[in-house]
Every structure is written in structure tokens, then in C-alpha cells.
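Read off the chains here:
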There are 2 protein chains.
Amino acid sequence: MKRINGKAILYIIGKFLLIEAGALLLCLIASVYYNESIAPLLQSALITGGTGFILTYILKKSNKEIGKREGYIIVSTVWIFFSLFGSLPFILSGSIPDFTNAFFETMSGLTTTGASILTDIESLPKGILLWRSMSQWLGGMGIIVLSLAILPILGIGGMQLYTAEVPGPTKDKIHPKVKDTAQRLYMIYLLFTVAETILLIYGDMSVFDALNHAFTTMSSGGFSTFNSSIVETSPYIQYIIILFMFFAGVNFTLSYFAVHANFKKVWSNEEFRKYLTIIFLFTITITGTIILQKFQLQSLTANISSFEKIFRDSLFQVVSISTTTGYVSADYLAWSPIAIMSLYILMFFGASAGSTSGGIKIVRIILLAKHSYYEFKRLVHPNAIIPLRLDKRTVPEKIITNVLAYIIIYIIIYLFGVVVMSGLGYNLETSLGSVVATLSNVGPGIGNVGPMDNYAFLSSPAKWFLTFMMLCGRLELFTVLILFSPAFWKK
Amino acid sequence: MKRINGKAILYIIGKFLLIEAGALLLCLIASVYYNESIAPLLQSALITGGTGFILTYILKKSNKEIGKREGYIIVSTVWIFFSLFGSLPFILSGSIPDFTNAFFETMSGLTTTGASILTDIESLPKGILLWRSMSQWLGGMGIIVLSLAILPILGIGGMQLYTAEVPGPTKDKIHPKVKDTAQRLYMIYLLFTVAETILLIYGDMSVFDALNHAFTTMSSGGFSTFNSSIVETSPYIQYIIILFMFFAGVNFTLSYFAVHANFKKVWSNEEFRKYLTIIFLFTITITGTIILQKFQLQSLTANISSFEKIFRDSLFQVVSISTTTGYVSADYLAWSPIAIMSLYILMFFGASAGSTSGGIKIVRIILLAKHSYYEFKRLVHPNAIIPLRLDKRTVPEKIITNVLAYIIIYIIIYLFGVVVMSGLGYNLETSLGSVVATLSNVGPGIGNVGPMDNYAFLSSPAKWFLTFMMLCGRLELFTVLILFSPAFWKK
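This is a predicted model, so every value here is computed, not measured. (Residues numbered from 1 in each chain as written. Chains lettered and ligands numbered in written order. Predicted model: local features only at pLDDT ≥ 70, side-chain atom pairs only at ≥ 80, totals over all residues. Heavy atoms only, no water.)

(A) Quick look at the overall build of chain A. For chain A, the count of helices and strands is 20 helices and two strands. Its C-alpha atoms give chain A a radius of gyration of 22 Å, within 12% of the compact-globule value 23 Å for 491 residues. In terms of principal-axis extent, the alpha carbons of chain A reach across some 75 × 70 × 50 Å. The 491 residues of chain A split such that 61% are buried. Of all intrachain contacts in chain A linking residues separated by at least 6 positions in sequence, the fraction that spans at least 24 positions is 72%. For chain A, the exposed surface amounts to about 19,400 Å²; the carbon and sulfur share of it is 67%. (Helix = DSSP H or I, 4+ residues; strand = E, 2+ residues; numbered from the N terminus. Rg over C-alpha atoms; globule rule 2.2 N^0.38 Å. Buried < 20%, exposed > 50% of the residue type's maximum accessible area, 1.4 Å probe, protein only. Contact = heavy atoms within 4.5 Å. Areas by Shrake-Rupley, 256 points an atom, 1.4 Å probe, with all protein chains shown as cover.)

(B) Helix 15 (residues 362-380) of chain B, seen in detail. The first and last C-alpha atoms of helix 15 of chain B sit 28 Å apart over 19 residues, in line with the 27 Å expected at 1.5 Å per residue. For helix 15 of chain B, the buried fraction is high: 14 of the 19 residues fall into the buried class. (Expected span 1.5 Å × (residues − 1).)

(C) A look at the side chain of asparagine 101 of chain B. All names here are of chain B. Along the chain, asparagine 101 turns up in helix 5 (residues 99-110). Owing to a relative accessible area of 16%, asparagine 101 belongs among the buried residues under this scheme. Of note is the side chain of asparagine 101, whose polar atom sits 2.7 Å from the side chain of lysine 463. Apart from residues lying up to four places away in sequence, asparagine 101 is in contact with Ile96, Ile117 and Lys463. (Polar contact = N/O pair within 3.5 Å; in protein donor to acceptor, adjacent residues only side chain to side chain.)

(D) Molecular detail of the environment of serine 76 of chain A. Residues and elements named next belong to chain A. Inspection of the secondary structure assignment puts serine 76 in helix 3 (residues 68-86). Taking relative accessible area as the criterion, serine 76 reaches 2% and is therefore assigned buried. Put simply, serine 76 and valine 480 are 404 residues apart on the chain and 6.0 Å apart in space, counted from C-alpha to C-alpha. Excluding its chain neighbours within four sequence positions, the residues that come into contact with serine 76 are Leu471, Leu475, Thr479, Val480 and Leu483. A polar contact of 3.3 Å, which involves the side chain of serine 76, links it to the backbone oxygen of threonine 479.

(E) Representation of the environment of phenylalanine 244 of chain A in the model. Relative to the helices and strands, phenylalanine 244 of chain A resides in helix 9 (residues 235-248). Residues within four places of phenylalanine 244 of chain A in sequence aside, it is in contact with Phe192, Ala195, Glu196, Leu199, Thr217 and Met218 of chain A.

(F) Here's a closer look at the packing of aromatic side chains. Summed over all chains, the structure comprises 56 aromatic pairs over all chains. Ring geometry for phenylalanine 16 of chain B and phenylalanine 82 of chain B: centres 6.4 Å apart, planes at 75°, overall edge-to-face. Of the two residues, phenylalanine 16 of chain B sits in helix 1 (residues 6-33) while phenylalanine 82 of chain B sits in helix 3 (residues 68-86), which places them 66 residues apart along the sequence. Owing to a relative accessible area of 33%, phenylalanine 16 of chain B belongs among the partly exposed residues under this scheme. We classify phenylalanine 82 of chain B as buried; its relative accessible area is 9%. A connected cluster of aromatic rings, assembled from ring pairs, spans Phe192, Phe244, Phe246, Phe247, Trp267, Phe272 and Tyr275 of chain A. Geometry around phenylalanine 223 of chain A places arginine 132 of chain A over its ring, the cationic atom sitting 3.8 Å from the centre. (Phe/Tyr/Trp six-rings, centres within 6.5 Å; stacked < 30°, edge-to-face > 60°. Lys NZ or Arg CZ within 6 Å of the ring centre and 35° of its normal.)

(G) Spatial organisation of helix 16 (residues 397-423) of chain B. Taking 1.5 Å per residue as the helical rise, helix 16 of chain B with its 27 residues ought to reach 39 Å, and the 39 Å between its terminal C-alpha atoms agrees with that figure. With 19 of 27 residues buried, helix 16 of chain B is to be regarded as a mostly interior element.

(H) Main features of the relation of the copies chain A and chain B. With an axial shift of 0.0 Å and an RMSD of 0.0 Å, the rotation relating chain A to chain B amounts to 180°. In the structure described here, the two chain copies are related by an operation that fits a two-fold rotation axis. When the interface residues of chain A are mapped onto chain B, 100% of them again lie at the interface, so the same face is used by both copies. (Least-squares fit on C-alpha atoms with pLDDT ≥ 70 in both.)

(I) Layout of the interface of chain A and chain B. Listed by partner, the interface residues are 45 residues for chain A and 45 residues for chain B. In total, about 4,100 Å² of surface goes out of reach between chain A and chain B, with carbon and sulfur atoms giving 81% of it. At the surface where chain A touches chain B, the tally comes to zero salt bridges. Inspection of the region where chain A meets chain B yields zero residue pairs in polar contact (both at pLDDT 80 or more). Elements with a contribution of two residues or more to the side of chain A that touches chain B: helix 3, helix 14 (337-349), helix 15 (362-380), helix 16 (397-423), helix 17 (428-439), helix 19 (478-481) and helix 20 (486-489) of chain A. Split by residue class, the side of chain A that touches chain B holds 32 nonpolar, nine polar and four charged. (Buried area = accessible area lost by both parts, 1.4 Å probe. Salt bridge = Lys/Arg side-chain N within 4 Å of Asp/Glu carboxyl O. Nonpolar A, V, L, I, M, F, W, Y, C, P; charged D, E, K, R; others polar.)

(J) Examining the pattern of salt bridges more closely. One pass over the structure, following the stated rule, counts 12 salt bridges over all chains. Between glutamate 476 of chain A and lysine 361 of chain A there is a salt bridge, with its nearest N and O atoms 3.3 Å apart. Highlighted residues: glutamate 476 of chain A in the loop between helix 18 (460-474) and helix 19 and lysine 361 of chain A in the loop between helix 14 and helix 15, separated in sequence by 115 residues. This pair shows no difference in class: glutamate 476 of chain A is buried, exactly as lysine 361 of chain A is. Put simply, lysine 309 of chain B and aspartate 313 of chain B hold a salt bridge, and the shortest N to O gap is 2.6 Å. Here the residue lysine 309 of chain B and the residue aspartate 313 of chain B both occupy positions in helix 13 (residues 304-322), the gap between them amounting to four residues, near one helical turn. A residue is classified by how much of its surface remains accessible, and aspartate 313 of chain B, at 9% relative accessible area, is buried.

(K) The arrangement of the packing of helix 16 of chain B against helix 17 (residues 428-439) of chain B in detail. All names here are of chain B. For the pair helix 16 and helix 17, interaxial distance at closest approach is 9 Å and the crossing angle is 135°. One element, helix 16, and the other, helix 17, form an angle in the oblique class. Once helix 16 is placed against helix 17, the crossing between them reads as right-handed. Across from Tyr410, Ile413, Tyr414, Gly417, Val418, Met421 and Ser422 in helix 16, the residues of helix 17 making contact are Ser431, Leu432, Ser434, Val435, Val436 and Leu439. Here the contact of helix 16 with helix 17 is built from residues that sort into nine nonpolar, four polar and no charged. (Axes fitted to C-alpha atoms, helices over the stretch in contact; angles between N-to-C directions. Parallel < 35°, antiparallel > 145°, perpendicular 65-115°, else oblique. Left-handed = near helix turned anticlockwise from the far one by under 90°.)

(L) Inspection of unusual backbone geometry at higher detail. Within the chain, alanine 261 of chain A stands out as a residue other than glycine whose phi angle is a positive 60°. Here alanine 261 of chain A shows up in the loop between helix 10 (252-259) and helix 11 (263-267). Of note, aspartate 204 of chain B is a non-glycine position whose phi angle comes to about 70°, a positive value. Inspection of the secondary structure assignment puts aspartate 204 of chain B in the loop between helix 7 (171-202) and helix 8 (207-218).

(M) Region of interest: the confidence of the model for chain A. Residues and elements named next belong to chain A. Looking at chain A, pLDDT values average 88 and 93% of them are 70 or higher. In the predicted structure, residues 161-174 sits below a pLDDT of 50 and forms 19 contacts with residues beyond four places in sequence or in another chain. In the predicted assembly, ipTM is 0.71 and pTM is 0.82. (pLDDT = per-residue confidence, 0-100.)

(N) Representation of the packing of helix 14 of chain A against helix 16 of chain B within the structure. Between helix 14 of chain A and helix 16 of chain B, the shortest axis-to-axis distance is 7 Å and the interhelical angle comes to 155°. Classified by the angle between their axes, helix 14 of chain A and helix 16 of chain B sit roughly antiparallel to one another. Of the two elements, helix 14 of chain A crosses helix 16 of chain B, and the hand of that crossing is right-handed. From helix 14 of chain A, Pro337, Ile338, Met341 and Ile345 of chain A reach across to helix 16 of chain B, where they touch Val418, Val419, Ser422 and Gly423 of chain B. Looking at side-chain class alone, the contact of helix 14 of chain A with helix 16 of chain B contains six nonpolar, two polar and no charged residues.

(O) Structural detail: the side chain of threonine 430 of chain B. Residue and element names in this part refer to chain B. The topology assignment puts threonine 430 in helix 17. Separated by 2.8 Å, the side chains of threonine 430 and asparagine 427 make a polar contact. Once you skip the residues sitting within four places of it in the chain, threonine 430 turns out to touch Ile446, Gly447, Asn448, Val449 and Phe457.

(P) Structural detail: the environment of threonine 323 of chain B. Residue and element names in this part refer to chain B. Along the polypeptide, threonine 323 turns up in the loop between helix 13 and helix 14 (337-349). Of the residues examined, threonine 323 reaches a relative accessible area of 0% and is grouped as buried. Distance from threonine 323 to phenylalanine 246, taken between C-alpha atoms, is 7.0 Å for residues 77 residues apart in sequence. Aside from chain neighbours lying at most four places away, what touches threonine 323 is Ser220, Met245, Phe246, Gly249, Tyr275, Ala351, Ser357 and Gly358. A polar contact of 2.6 Å, which involves the side chain of threonine 323, links it to the backbone oxygen of valine 319. At a separation of 2.7 Å, a polar atom in the side chain of threonine 323 contacts the side chain of threonine 325.

Encoded structure:
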């Protein structure tokens, strides 16, 4: 194997830092508009842009050929570099003076997790709040391209189920393909963001809050500019947010078809249909248990408004958690054990592959369910050859093994995480909750990191560890874990 | 497909009931010796034996040919029939007047789970206590034959990894093979039981208690005749029990070789070596965390006896839980979160395939670990063909898929169980604990069914559900679940 081309990696990271500097400058507009100090964002932009400029300028003339291994390293380290420089505004503004906390918040943003260490969000300067929301929006953009264009080439991720044969990553071939895919999908992403912003403004939200929430909805991020998340907003606002969280959980390729009025293609997608089914079933179940619970307490006044509220709360939490957005409109930990358990399981599922959501992804759950069922069928008919189909096409055995391995490794890492958090002294529910909430990029979990809590109370080692969980989950495990494999570094 | 031969099934169940009646009569000896009422055991033996006699007599002349499907049904229903008739002594003696409780206790015995609804074990008549222990010993015998001779023929279970090609279950071919295997292994089982009884008597245990504990150790059952399980016994007794729990967790085929002094064969077995490694690593970890915890509380007087006690407690609990025996010598829920977490994970592992232990089994965990590691290797070297080896032999792809599916279905059933228990109103830790403790046939779990608790407080639906979990886990999932598949019943 060839030596790893470190210069090419740094060159590309430099390019990314220039983009980040641009985003920081955009947030400056809010600082200027609201008459806040422009220093923190300006300094951050200069430091980030300067570093990016130096890296790209110095390495301009070096060999920029990148292979698969460089690809893995770039994908993993870009998120870390982005978080390092992205935490500058929080530190320089004094909003989050502690480096661990600032890095946690930024990584939580860029991975679109939405776990926060802030206890009083509304006290932050508007410019910093905008950067916080924008970090999620940028993260979402990164993920779309990553999952739909880059990871399939590296041989990782749920989307390889849809791509038949992707050519090897030689510089000439891959570049135009990625660029083309990215541009089409970004238009959809932008379109949805603008549409949501307008609809939220129409519901009497301020332009600033509407933009922030559109950023963090479409990225399935879940950072809110309100201390109480979405709890105190109007039903209209909540329904709009439910709708766009739902969109964010759809494969963006499908959204592309939908926008071009090709609904047949959308409906023929099995993952999309099951995504709808899951949301439907979980909402019904949870609505049912809450109504039962209220009947037992005899506190249900039989008027439509309270039924509507229960349904809306259930739907909101189901969509928010299954898309791993993590907005909160009700304290679900006060619900019945079965409702909590249902949401806990949804945290693992996630939504569609090729969306901005995290988690295992529904397409993998479908393959798992089908494969398990076929294992039984094979016991009864041991010699029958039963091909596993998805979207009416046979799925190769190799992909099935890969998907099963992915789910198992997901569970192993999850258990490893729970052991680590237990080892750091947290109780079982908090360990179970914090790890799935970060690994699946949800945000709120169960235990002491529930919907009404935040991550501020955790120790520094716990915060760093959960940051690592966010990154692992966001990059579909393999991308990060492969860097720990000795075989990867062998010449 | 042919019609299911119901008469053949009932005939075989009749035969089994005759065995059970014999076992009940054996327990009568204790009743006579201790001057207790002989009525409950005698009546139970007569009812059971009578039913068995009627079934075998009436169906003597019918066609007794059994195929695979009859095999599945027999294996599942034998445990249920055994539990039904086996609960008679508890009910007739008034020791456990409630049918749900009596069935729970008997199924817990026969599946060698060891979860108990009894709050005062020592108050029971000796004859009934002996039957309680013997139910586990009988269950253990059933499992050895099931896992080493019957399930491989039905195409289920970890042992299929060791058998290359088993001929189809035509009546003539299979019978002698099963009988021969069973006899050899039963001799080992009996030998170990006798040896442990003698060694326990040597440690000043009464003959009655020694026999009972030998019954429930070798079956990895865990029912004790003491209210406080093994907590108040001497270190010598505890070490003897540790040793025999360890034996019970070894593949009985290996024990057969060991008894015939073929130690090379034992050592060349990868699962055996990993079994040792797991016990070693978990014991070291838990001992370490307890010592750390004590140091923090500054309560560790640095004498050898307290170190020895900590080590012994750790080793005992690790061996007891990894073999899914479920004896308790210390309240592990009082230990650090990481120790509790470690034991919780061990509950899933179980010990060797072909032993009396429950759980996923170490050989499957090994294959899972190797496969996961190779998935990474394949990412780096996409075109390399890396065969997965076990005991230096290549494992076929089909077996690997089967093992992965098994582990995933195990986790799905586990989660399903946790949802059901949550739905019945139990808190998360109790749901998590009670389901793994029954599904893996451990006995004590975490939450409110911990080492110092029992299952008496649960509602009837919860008890019936957990009874079902015990049976599912004991019969390696597929055997029971396949009966719920429509394809199974289709003509």
C-alpha cells in the first residue's frame, strides 16, 4: 500500500475551513443587526479563515491525489477540525468559557445531535445563537453529501443498498459525480429551509427564531433558541415543525423526486412506506397509552382539544425522536413506561438512509426484519432458496451480512458506551439514555438527560466520551472505527 | 407436506410423563425419611404416571413415525407438560397454593432458570424441596440431550457449528445415535453430581442440602435450599460450588474427553479457552472496582482475608452469572455501576454451547467478534477473501449468517420482552433485569428482581410472560418461535 498522502488531507481540510470562515462571517450579520459585539465572530472567522488560507496556499502545489484511505481520514477529521474552530465563538464571546463544554456544544451541533450543555439559552447573544443553529445546518449539508455521495464510494453506509456499482475513487471520475449530486440535493435542502422559515414567520414567529428553527429542523438537529424548546409554541408552529422534521427524515433523493412531482417513485420506495408506518404505529400506541393513563387518573375531560393535544404531543415526540431531531414539546418521561420504552426504541431506529437523521436507519431495520423472518421459513423448508427483496430487487447476500454486522456493531458500541458511562459513575438509566441520545444523534435521552434536562452536569471525561459517540454515530461507525484498526495503517 | 402426527407426539409425551412420575416417587424417599406427609408427592406421581400410562397404552399401536415438525412440537410441549404436572406437588402440599405461582416455580426449575416466587424457602417440606431441586436436575438432563443431540438434527442451536452433516431424522437412523450420545453424557452429568455431593458433605453440609445443591449446580439452575442462597456458607463450600458451576458451563462433550484424560482435545477448543478468558477478565475487573470503591470509602483494612473475600465474591458472582446458574453469595447490586453493568452483560453471554447454561453462548459471541473484526478488514482490503475460522476450521458463510440472525433475534425478543414488562407497569431497570434473567435462564437480575429479591411481587400476567421467556431462551428461541410461524402449519 502507498503512504498516506497527508498533504492532500490537510489541503482539503484547509478548503473546508474556508467554508466555515464564510459561515462565521454570515452570522456576523446578526451581531451587527442586534448591535452586539462583533469581536467574537469576527475573530473566529479570521482565525479559521487564516488557517484555511495558509493550509491551502502552502499545499497548493503538492500532489493532491486521494484514495480510499485518505477519504476515511478526511471524513473523520473534518468534523473534528470543524468543531475545534467552531467552538471559538462560544469561547471568545464568553457564552461557554470552558473548552470542554464549547467543544461538546459544537460537536453536538455539527453532528446534528442537539445535546446541549447550556442552561439558559435565551441569554446568549443572537449572533452566537445563529452560529449554534448554523452549525447544525452545515452539519446537515455535510451529512447529505456524505451519505449519498461519499460513503457509498468508501463502501460504507445504508445507501450502498441503492447504488449498484460505484466506480473507484480516482480523482477524475469521482469529483464531477459528487459535485453534481451535491448541488441537486443542496437545492432541495435550501428549498425546504426557506419554505419552513416562511411558514414559521406566518405563524407569528420572529424572523430570527424562524430561521434558526428552520436550520435546526432540516438538519434534524434540534437546537432551539428557546429555553423550553418547542413546549410553549402554538399548535400551528408545532404542526409545521412536525411536517418539516418528517421531511428531514426522508431520503433526500426521494425529496428530489417529490419536488419534481415524481410521486410514483416516492411511493414505490419501501423504506419511505415503512417510515410512515412506524410513525403511524408508534403515535397510535403512545396516544393510546396516554389516554388510558389519563382515564385511570380520571382527569380526562372529554373535549376535542385535550384529545388533539395528546395526539399532537405524541406525534411530535415520535417524529422528533424517530428523525433524531430532538426537539421537545412535552415531557415524555412523565408518560407511561410503555410510551417511554417506545421512544427509547425509536432512538435506535432513526429515519431513512440518505436523510439528515441518525440512528441505525429504517432500511437496515427492514432488512433485519425480513432476514429474521426468512430464517424461520428456512427452518421449515431447509432447501428452499428464498431471495430477500427490497423495492422488488433481490438484495445480495454480502449486503445482508454487512447490514447484520452493522446493527450488531451498533449494539456492541452502544453497550460499550453504557459500560463506560456506568464506569464514570452514572446510574443505569442515565447511561442507557445518554449513550443512545448521542450515538444516534438524538439529543435528549432518558434518565438524567431527559427532555427537561441538559448535559451540563456531566463530568469532563463523560462529555468527551459522548462527543466521541456523536461522531461515531454520525459517520456510520465504520468510518471512525476503521481508523483504530491496525490493518488500516499497515503499509 | 404431511399432516402432523399428533398421536406420535402424545405417545412420546406420555413416555416422558412416566419418567416424571418416577422422579416424583424418588422424592417421596425424603418425605418418608423426614416423617412428612407423603400424600402430595404420591398423589402427584399417581396423576402424572396415570396420565403417562393412559397416553402410551392407548397410542401404542398407532403410527409413531416422527419428522422434523413433530420434533419441534415435542421439544416445546414436553417442557409445558412437565411443568403442568410438575407443579402438582407444590399445589397439593399447599406450599404454593396459587397455580400461576406453582407453574412459574416449576417452569423456572425445569428450564434451570432459578427465578423463585418463594419468600421463605426453608419453611417448605423436605420432599417438596427435593422435587424443586430435582426439577432443575431433570431439566439439565433434558437440555444436554437437546442441545447435543436433538437440536442439531432440527437445524437449530450453537452445536450445529460442531456437527458437519447430520443425517435426516428418519426413525431408524436417529434413534440409536441420540440414545448413545445421551448415555455417555448422562454418565458425566451423574459423575459430577455425585462428586459435588461428596465434596459438599465433606465441607460439613448436610447430606440433604449437599444433594440439593449438587442437583441445582450441575444443571446451572441455582435453586438453593437456603433462604439466603449461598451467602452464609463457608469459603470452602463457595469454592466447591464455583468449581462445579464452572464445570456445568463447559460443553459436556469436552467434559467427556476430560474425564477420559484427553486434555489436549479440551484445550484445543476455542470456546473453552475464551470461556476461561471471559471469567478471568470479568473477575479481575469486578475485583478491581470493588477494591477501588472500598479504598474511596477508606474502609479497606489491608489484610489478606478481606482481599480474598472480595476476590471470592467477584469470582462467585461472575461464574454464577456467566454459567446462568444464579446462586448468590453477595448483593452485587450494592457494587459500583461498572460491576453491575459487567454482570448485566454476562447475563446475555451465557457459557458454552452444549452445557446446561443458557444465554447466547460464548461460541456465538466469538463468531460475532471475529466477523465484526473481519468486516473492518474487508473495508481496508475490499477484494481480500478472509475465511472465518473456529478451532482452525473454516466456518461456512451460511452458519455465520445464522449466528448473526440468532443474536439479533435474541436482542429483538429481549427488547420485545422489555416493552411488555414496561407495558405491565414495571420500571425500566426491573423490566431490563427480569427479562434477561428469565430469557437467559439466570434467575436473579437487576432492578427489583435483584440478588436479594424474588419474583413473588409480580402480577400474574408478568409471571406468565416471564415463564414464556424462560421457555423461549431455554429452547434456543427458534424451537418455540417457529411454532408461531404460519409457514410451519401450512400443509
